[in-house]
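Understanding the architecture of this molecule
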Amino acid sequence: MRLSGMPPLLRALLGICLAVFSSGCARVHSMHKSPLSQPRIARDSIAVEKYSVRFPHGDPQLDQEIWSEIDEECLPSEVRTRLAANGFRAGVVGVHLPVALDTVLREKAAGPPAKPVRPAAVAADAEESIEPVAVDLLHEPRVRRSLWQTRAGQSGLVVTAGEQTRIPQVPVLVRGDDGRVTGRSYDKVMGALSMKLFPEPDGRVRLEIVPQLEYGEPRSRFIAHDGMIKPDYRPETIVFQDLRLDTILSPGQTLVIGTRAEKPGSLGHHFFTEQRSAEAQEQKLLLIRLAHAPEEERYRDSEIPSATP
């Protein structure tokens, strides 16, 4: 195309259009690649995989047998005693999960075998009628998985009870170190675990987990946060600091938390047991696997300069 015979204004407009079109093509090309690339985890962040596993209440394998393969003694004895008295159970496993638990996760990953729809040309006297499989999308799956990526010290909530519909009323009994039982009833309850992650100098990560209950109707109030007073609108929260769980994980290790079937009515029972119907009661296990630890040098002791007098 010859531009010498065009008026200056027309040549300028044509040049702008060519620049826009060329930059637009480059942008579309780069965006075409981005959805196909794998998500990258920041070097200074911590990533954990969370699994929620549902099973029949009192299942002999998932409620009892798997704990013989889980290290509960990684927690201090006083913490284990306090958790057990309130219906909680926790321990750490390595890369190899207990057999029964590994089987459940593999079944979820594989999914049910698909059955094709019977074609119309199949003879009427065929031995077996192949029907399509009905998929119920209204019920919670047996295993749920999510990935949480966070920074050191930031808190997050793992909801274990009342996530979809809050529990109308929960009588909570808490047993103290002296054996005394105290309690009261709470309305419109949601149970959750507050979790914080802290990197260790040796490349491991410390998990701090505290049970808490959110209850009642939301209300307006003011809270202190980062040195400022901010308005807040949410229900009341009770935090059970006496049941705080601290443990250290290496990449690939998994923290397993659940309840004891023989502790009905305990706090752990309310957190990890669900009444699915008038007849069916289910238990839940929470798995927290350390997928990525920070690589930043500031977490290494060797890189921290010694104090000078």
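Structure first, text after, so check above.
Rules used in this analysis
Residues numbered from 1 in each chain as written. Predicted model: local features only at pLDDT ≥ 70, side-chain atom pairs only at ≥ 80, totals over all residues. Heavy atoms only, no water. Helix = DSSP H or I, 4+ residues; strand = E, 2+ residues; numbered from the N terminus. Buried < 20%, exposed > 50% of the residue type's maximum accessible area, 1.4 Å probe, protein only. Contact = heavy atoms within 4.5 Å. Areas by Shrake-Rupley, 256 points an atom, 1.4 Å probe, with all protein chains shown as cover. Pairing = 2+ DSSP bridges. Phe/Tyr/Trp six-rings, centres within 6.5 Å; stacked < 30°, edge-to-face > 60°. Core = buried A, V, L, I, M, F, W, Y, C linked by side-chain atoms within 4.5 Å. Salt bridge = Lys/Arg side-chain N within 4 Å of Asp/Glu carboxyl O.

**Thoughts on the overall build of the chain**
On a plain count of helices and strands, the chain comes out with five helices and 12 strands. Across the 309 residues in the chain, those meeting the buried criterion constitute 34%. For the chain, the share of sequence-separated contacts (at least 6 apart) that also reach a separation of at least 24 residues comes to 69%. Accessible surface, the chain: about 19800 Å² in total, of which carbon and sulfur atoms supply 55%.

**Focus: the pairing of strand E12 (residues 281–292)**
Successive side chains on a regular strand alternate, one facing one side of the sheet and the next facing the other. Of all 12 residues in E12, nine are buried, a share of seventy percent or more. Across 10 bridges, strand E1 (residues 46–56) lies against E12 in antiparallel orientation. By the bridge assignment for E12, Val-53 is matched with Leu-285. Bridge count between strand E10 (residues 254–259) and E12: four bridges; the pairing is antiparallel. When the sheet's bridge partners are listed, Val-256 is paired in E12 with Leu-287. Sheet topology note: the strand E11 (residues 273–275)/E12 ladder contains three bridges and is antiparallel. The partner of Thr-273 across the bridge, within E12, is Gln-283.

**Quick notes on unusual backbone geometry**
Although it is not a glycine, Lys-188 adopts a positive phi angle of roughly 50 degrees. Looking at the secondary structure, you find Lys-188 in strand E6 (residues 181–199). Given the relative accessible area of 38%, Lys-188 is considered partly exposed.

**A word on the packing of aromatic side chains**
The full count for this structure, using the stated rule, is three aromatic pairs. A centroid spacing of 6.3 Å and a plane angle of 90 degrees characterise the contact between Phe-88 and Phe-272, whose relative ring orientation is edge-to-face. Remark: Phe-272 occurs in helix H5 (residues 267–272) and Phe-88 occurs in strand E2 (residues 88–93); sequence separation between them is 184 residues. Taking relative accessible area as the criterion, Phe-88 reaches 4% and is therefore assigned buried. Accessibility expressed as a relative area gives 1% for Phe-272, which makes it buried. A network of ring pairs unites the aromatic residues Phe-88, Phe-271 and Phe-272 as a single cluster.

**Points about the nonpolar core**
Membership of the largest hydrophobic core comes to 35 residues, with the highest contact counts inside it found for Met-195, Leu-207, Ile-209 and Leu-255. Once residues within four sequence positions are removed from consideration, Leu-255 is found in contact with Gly-91, Val-92, Leu-207, Ile-209, Leu-245, Thr-247, Leu-249, Leu-286, Leu-287 and Ile-288. With 17 residues, the next largest nonpolar core counts Phe-55, Trp-67, Ile-70 and Ala-100 among its residues.

**Focus: the pattern of salt bridges**
Using the criterion set out here, one finds 17 salt bridges in the structure. A salt bridge links Arg-206 to Asp-246, with the shortest nitrogen-to-oxygen separation between them at 3.0 Å. Here Arg-206 is found in strand E7 (residues 205–225), whereas its partner Asp-246 is found in strand E9 (residues 245–249), with 40 residues between them in sequence. Accessibility expressed as a relative area gives 25% for Arg-206, which makes it partly exposed.

As far as function goes, none of this settles anything; it's purely spatial.
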